[in-house]
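Structure assessment
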Amino acid sequence: MEGAWGRILHPLQLTDSGRPQLFPGEVECQLLDGIDLELEGQQQQQQQLQPLRSGVLTLTTHRLLWVDEPHQRSGASVPLAAVCRVYPPKKSIKAIFASPRIRIQVWYASDGRISAVGADRSVVLTLVCRGQANIDSFLGRLEQVLQSKAWETDKASAPGSSSVILPPNSSRLPGAAASNSHASHSKWNPAMAGVSGILRKEQEQWEEADKNLQDAFHDLNALMAKAKDMVVLAEKIRSKLLGGSGGQSMVDEEEPGSKQEMQDWLLSVGITSPVTKESAGALYHQQLSRQLADFVKVPLQRSGGMLAMVDAYCLFNRARGTELISPEDLLQACSIWEKLDVPFRMRKFDSGVLVIQSKEDSDGQVFAKLVILIKTPEALKVGISASDAARAFGMAPALAKEYLLTAENQGMMEQMVFVSLQTCLKILW
């Protein structure tokens, strides 16, 4: 974001498909399309800001994200920690015929940037809803996020700062509670006799069970906090492995088998904030298509530039965890890649096999590799099979077979055989 708005709002990094990059632990809550941003107050008059038109607004657990909808190449963010008050749209007869306006009062520092750190003044940021959106649902979700203050929880639960707090008079050893209860009941008590004693004993058992249940939930919350930290750590290691610079020296010391196993494990780490129909609404398939484009980038590199649709469906659903999608949703997400201008496309072979392929890869490049493969001495003797082509191209045998059939249908195999005969004649002469 450049210009005057870039000096007020925080920058937002976007992925190759145009989706915002989230912080560790940040989760998308709701999306709105057709949102204009306006600034009210003295700062707007000094800066002479023009409104930002027609963008996609994403509410997360940490920020408000605005992305330019027509191009999806620029964006800005507002930290929720800087929000001090939210004014819902006015309900009047005049407001019925106008676009709903949500006014958000935010703090900003002396340099003019919206921030909760060093802020001494406030300004009103207005969201003008041009699209068809459920404003009441958005306001309810925004209120919940502001009350939860997840950005403070993530800072408190950062690695090295979290600790398990045990309740008073409790022990880390699982057998300590049992031994203490056994010692307390080992001596006979006259008050435990009769019907009243049976009721009192039953009441003590219920209290003990309730205490054990509370301790169990306390340990479960601590375990979930640790698991969240482990996911963040795994994502950092995965980015270093894929980057090749920071993590190259770390993995070079290991054996090739363990390195490959570690990469497979880290690449299977799930998507922290999967797009859902509940959060995206009418933008579900568009945002799902962008998220899919970001996800298949690594599997395509590992599979020779082509990935079967069945494999993509299994890998994507595995990464989404419990938020599974249907095959129809996957096909629809792939079918709108041309409109979104992402570097991938869906392709259908003559046999009906559907694959995902990079736009940079073409059949001519594969056919050139086939010519090189068929000139090898072994291929001149026994020919080439789908398995041979799969090993040479680094892809699945079924997809390599489709390439061989395509080359044969286009008459490329005859040209390759002719080239091979010429090579044999040159060797004989």
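Here the residue index of a chain counts from 1 through its sequence in written order. This being a predicted model, a pLDDT of at least 70 is required before a residue's local features are given, and a value of 80 or more before pairs of side-chain atoms are given or counted; all residues contribute to the totals for chains, interfaces and linings. The side-chain values count all of the structure's non-hydrogen atoms but skip hydrogen atoms and water molecules.

1. A few points about the pattern of salt bridges
Oppositely charged side chains can pair when the atoms bearing their charge come close. Definition in use: A carboxyl oxygen of Asp or Glu within 4 Å of a side-chain nitrogen of Lys or Arg is what we treat as a salt bridge. Each residue gets one of three labels from its accessible area relative to the maximum for its type: buried under 20%, exposed over 50%, partly exposed in between, using a 1.4 Å probe on protein chains only. Each helix corresponds to a stretch of at least 4 residues labelled H or I by DSSP, and each strand to a stretch of at least 2 residues labelled E; elements are numbered beginning at the N terminus.
Going through the model one piece at a time under the given rule, you end up with 9 salt bridges. Where E28 meets R19, a salt bridge forms, and the shortest distance between an N and an O atom there is 2.4 Å. Taken as a pair, E28 and R19 share a single burial class, namely buried. Here R141 and E278 are joined by a salt bridge, their closest N and O atoms 3.4 Å apart. A residue pair is termed long-range when its members are at least 10 positions apart, and R141 in helix α4 (residues 135-148) and E278 in helix α10 (residues 277-280) qualify at 137 residues. Overall, the relative accessible area of 23% leaves R141 in the partly exposed class. For E278, a relative accessible area of 65% gives the class exposed. Through salt bridges with shared partners, a single network forms among D36, R53 and R130.

2. Considerations on unusual backbone geometry
Although it is not a glycine, K149 adopts a positive phi angle of roughly 50 degrees. Within the secondary structure, K149 sits in the loop between α4 and α5 (150-156). Residue K149 is classed as partly exposed on the basis of its relative accessible area, which comes to 38%. One non-glycine residue, D341, lies in positive phi territory at about 60 degrees.

3. Observations regarding the side chain of Q105
Formally: Working rule for contacts: check all heavy atoms of both residues, and any pair within 4.5 Å makes them a contact.
Assignment of secondary structure puts Q105 in strand β7 (residues 101-109). Among residues more than four places away in sequence, those in contact with Q105 are A82, V83, C84, R85, Y87, S122, V123 and V124.

4. Section: a negative patch on the surface
Cut-off, in case you're wondering: For patches, a residue must show more than 30% relative accessible area and have no salt bridge; joins then use 9 Å for like charges and 5 Å for nonpolar side chains, namely Val, Leu, Ile, Met, Phe, Trp and Tyr. Each accessible area is a Shrake-Rupley estimate made with a 1.4 Å probe; only the visible protein chains count as cover when residues are assessed. The charge count treats Lys and Arg as positive and Asp and Glu as negative. His and the chain ends do not count. A single reference atom marks each charge: NZ on Lys, CZ on Arg, CG on Asp, CD on Glu.
A contiguous patch of negative charge, built from E204, E207, E208 and D210, is present on the exposed surface. Relative to the assigned elements, D210 resides in helix α7 (residues 194-243).

5. Brief notes about the side chain of S273
Structurally, S273 is set in the loop between α9 (256-267) and α10. Setting aside chain neighbours within four positions, we find S273 in contact with R19, L22, E26, V27, E28 and Q291.

6. Here's the deal with the packing of aromatic side chains
Stated precisely, the cut-off is as follows: Any Phe, Tyr or Trp ring, taking Trp's six-membered ring, that has another such ring centre within 6.5 Å forms a pair; planes under 30 degrees apart are called stacked, those over 60 apart edge-to-face, and the others tilted. Any Lys NZ or Arg CZ found within 6 Å of a ring centre and within 35 degrees of that ring's normal is scored as a charge over the ring.
As enumerated under the stated definition, the model contains 2 aromatic pairs in all. With a centroid separation of 5.3 Å and an interplanar angle of 55 degrees, the aromatic rings of F295 and F316 are classed as tilted. Of this pair, F295 sits in helix α11 (residues 284-295) while F316 sits in helix α13 (residues 309-320); the two residues are 21 residues apart in sequence, bridging distant segments of the chain. Neither residue differs from the other here; F295 and F316 are each classed as buried. Ring geometry for W337 against F344: centres 6.2 Å apart, planes inclined by 55 degrees, an arrangement best described as tilted. Here the guanidinium or amino end of R103 rests over the ring plane of Y87, the centre of that ring lying 5.2 Å away.

7. A short note on the nonpolar core
Basically, it comes down to this: Only buried residues count toward a nonpolar core, which is a set of Ala, Val, Leu, Ile, Met, Phe, Trp, Tyr and Cys residues joined through side-chain atoms within 4.5 Å.
With 35 residues, the main nonpolar core has L9 and F138 as its most contacted residues. Elements that contribute at least two residues to this core include exactly α1 (4-8), β2 (28-40), β3 (52-60), β4 (63-68), β5 (75-79), β7, β8 (119-129) and α4. The residues contacting F138, other than those within four sequence positions of it, are Q30, L32, L57, L59, L64, I102 and L127. Judged by nonpolar contacts, the second largest core, of 27 residues, contains V275, L307, F316 and I356.

8. Here we look at helix α19 (residues 397-409)
Rules: Here the expected span of a helix is defined as 1.5 Å times the quantity of residues minus one.
With 13 residues, α19 extends 18 Å between its outermost C-alpha atoms, agreeing within 8% with the 18 Å of an ideal straight helix rising 1.5 Å per residue. Buried residues of α19: L399, A400, E402, Y403, L404, T406 and A407, and no others.

9. Considerations on the confidence of the model for the protein
In plain terms, the rule: As a per-residue measure, pLDDT tells how confident the predictor is, with possible values from 0 to 100.
On average, the protein scores 75 in pLDDT, and the residues at 70 or more come to 67%. Confidence, read as mean pLDDT per element, is least for helix α6 (residues 174-185) in the protein (40) and greatest for helix α14 (residues 327-335) (94). For the stretch residues 245-254, pLDDT sits under 50, and the model shows 10 contacts to residues farther than four places along the chain or on other chains. Considering only residues more than four positions removed or in separate chains, one finds that residues 420-429, a stretch of pLDDT under 50, has 4 contacts.

10. What to know about a nonpolar patch on the surface
A contiguous nonpolar patch, built from I93, I96 and F97 and spanning about 430 Å² of accessible area, is present on the exposed surface. Looking at the secondary structure, you find F97 in the loop between α3 (93-96) and β7. Residue F97 is classed as exposed on the basis of its relative accessible area of 74%.

11. With respect to the sheet that holds strand β10 (residues 344-348)
Selection criterion: We call two strands paired when DSSP finds no fewer than two bridges between them. Here an angle of 0 to 180 degrees is reported between the N-to-C directions of two axes, which are lines fitted to C-alpha atoms, with helices fitted over the stretch in contact.
Here we have 3 strands laid out as an open sheet, ordered β9-β11-β10, and antiparallel in their pairing. The outermost strands of the open sheet, each flanked by one partner alone, are β9 (306-308) and β10. The average undirected angle you get between the axes of adjacent strands in this sheet is 30 degrees. Here β9 pairs with strand β11 (residues 354-358) via 3 bridges, running antiparallel. In the sheet register, L307 faces β11, and the bridge partner there is I356.

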